[in-house]
Amino acid sequence: DTGVSQDPRHKITKRGQNVTFRCDPISEHNRLYWYRQTLGQGPEFLTYFQNEAQLEKSRLLSDRFSAERPKGSFSTLEIQRTEQGDSAMYLCASSEGGNEQFFGPGTRLTVL
Amino acid sequence: AQSVTQLDSQVPVFEEAPVELRCNYSSSVSVYLFWYVQYPNQGLQLLLKYLSGSTLVESINGFEAEFNKSQTSFHLRKPSVHISDTAEYFCAVSNDYKLSFGAGTTVTVRA
């Protein structure tokens, strides 16, 4: 297994456009997490899944954000009507239960 | 609620000198504590973790951290750094599923 992968690695978009990111977790991991990291800050929790169920959403996740994990495998994070304030690194992590979280390389979003 | 404060945003250090990165946390329940490292243009990697048991935990590359419950601290130390230790270091606290990170400490090792 090659670890957690994310696609794309970089995304540049214009304000108002929709974007979708994909995360493929380590195959045997039942938990999947999304975090956001802005420049000069640590990652901030957005949401997490246990298998296909989304169990918690941060207040940072406005109604323009939606995440899914169909069939408990890969996950997608969609941002609708992007704003400049959405520019950040979006990190995905996975774990086996409450054990160590393994992070992917991230998707860097730039909203012009 | 839980939170982490990393007291130093930038730590310049000479090669082979010791380094200490300070981390304080707050939480109303028992926690797990972590240090993650992020090398330039790479993802976060777990450096070491405290779950229970011995309050001194060590990594394979010479770092160690000590959990101090009375001072709510989890400081990271290395007795002799290398150029390759140049990176950003994040302290984090977990309540089982959600990691709460500090703002990070950038360590720059100079020859």
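The preceding data block contains the structure.
(A) How the structure looks around the environment of tyrosine 36 of chain B. For tyrosine 36 of chain B, the position within the fold is in strand β5 (residues 32–38). Spatially, the C-alpha atoms of tyrosine 36 of chain B and phenylalanine 101 of chain B are 9.3 Å apart, while their sequence positions differ by 65 residues. Engagement of the side chain of tyrosine 36 of chain B in a polar contact is seen with the backbone oxygen of glutamine 101 of chain A, the distance being 3.2 Å.

(B) Examining the sheet that holds strand β3 (residues 19–24) of chain A more closely. All names here are of chain A. As summarised here, the arrangement of the four strands in space is β1-β3-β8-β7, forming an open sheet in which the pairing is antiparallel. What marks the edges here is a single partner per strand, and that holds for β1 (5–7) and β7 (65–68). When strand polarity is set aside, the average angle formed by the axes of neighbouring strands in this sheet is 15 degrees. Note: β1 against β3, three bridges, orientation antiparallel. Pairing of serine 5 across the sheet is with aspartate 24, part of β3.

(C) Expanded view of the state of the cysteines. What the rule picks out here adds up to two disulfides over all chains. Across a sulfur-sulfur distance of 1.8 Å, cysteine 23 of chain A and cysteine 92 of chain A are joined as a disulfide pair. In this structure the cystine formed by cysteine 23 of chain A and cysteine 92 of chain A twists about its S-S bond by roughly -70 degrees; its chirality is therefore left-handed. Of the two residues, cysteine 23 of chain A sits in strand β3 while cysteine 92 of chain A sits in strand β9 (residues 88–95), which places them 69 residues apart along the sequence. The two residues cysteine 23 of chain A and cysteine 92 of chain A agree in class, both being buried. Across a sulfur-sulfur distance of 2.0 Å, cysteine 23 of chain B and cysteine 91 of chain B are joined as a disulfide pair. Looking down the S-S bond of the cysteine 23 of chain B and cysteine 91 of chain B bridge, the torsion is -65 degrees, so its handedness is left-handed. Taken as a pair, cysteine 23 of chain B in strand β4 (residues 23–27) and cysteine 91 of chain B in strand β10 (residues 87–94) lie far apart in primary sequence, 68 residues in all. In this structure, cysteine 23 of chain B and cysteine 91 of chain B share a single accessibility class: buried.

(D) How the structure looks around the interface of chain B and chain A. The interface of chain B with chain A comprises 14 residues on the first partner and 18 residues on the second. When chain B packs against chain A, close to 1,400 Å² is buried across both sides, 52% of that on carbon and sulfur atoms. Our enumeration of links across chain B and chain A arrives at one salt bridge. Among the ionic pairs, lysine 98 of chain B bridges to glutamate 56 of chain A, the shortest N-O distance being 3.4 Å. Seen at the junction of chain B and chain A, the total is six residue pairs in polar contact (both at pLDDT 80 or more). Listing elements by their share of the side of chain B that touches chain A, those giving two or more residues are β5, β6 (44–50) and β11 (99–101) of chain B. Element by element, the count of residues in the side of chain B that touches chain A is highest for β6 of chain B, at three residues.

Rules used throughout
Residues numbered from 1 in each chain as written. Chains lettered and ligands numbered in written order. Predicted model: local features only at pLDDT ≥ 70, side-chain atom pairs only at ≥ 80, totals over all residues. Heavy atoms only, no water. Helix = DSSP H or I, 4+ residues; strand = E, 2+ residues; numbered from the N terminus. Polar contact = N/O pair within 3.5 Å; in protein donor to acceptor, adjacent residues only side chain to side chain. Pairing = 2+ DSSP bridges. Axes fitted to C-alpha atoms, helices over the stretch in contact; angles between N-to-C directions. Disulfide = S-S within 2.5 Å. Buried < 20%, exposed > 50% of the residue type's maximum accessible area, 1.4 Å probe, protein only. Contact = heavy atoms within 4.5 Å. Buried area = accessible area lost by both parts, 1.4 Å probe. Salt bridge = Lys/Arg side-chain N within 4 Å of Asp/Glu carboxyl O.

Note that every value here comes from positions in space, so none of it alone points to a role or purpose.
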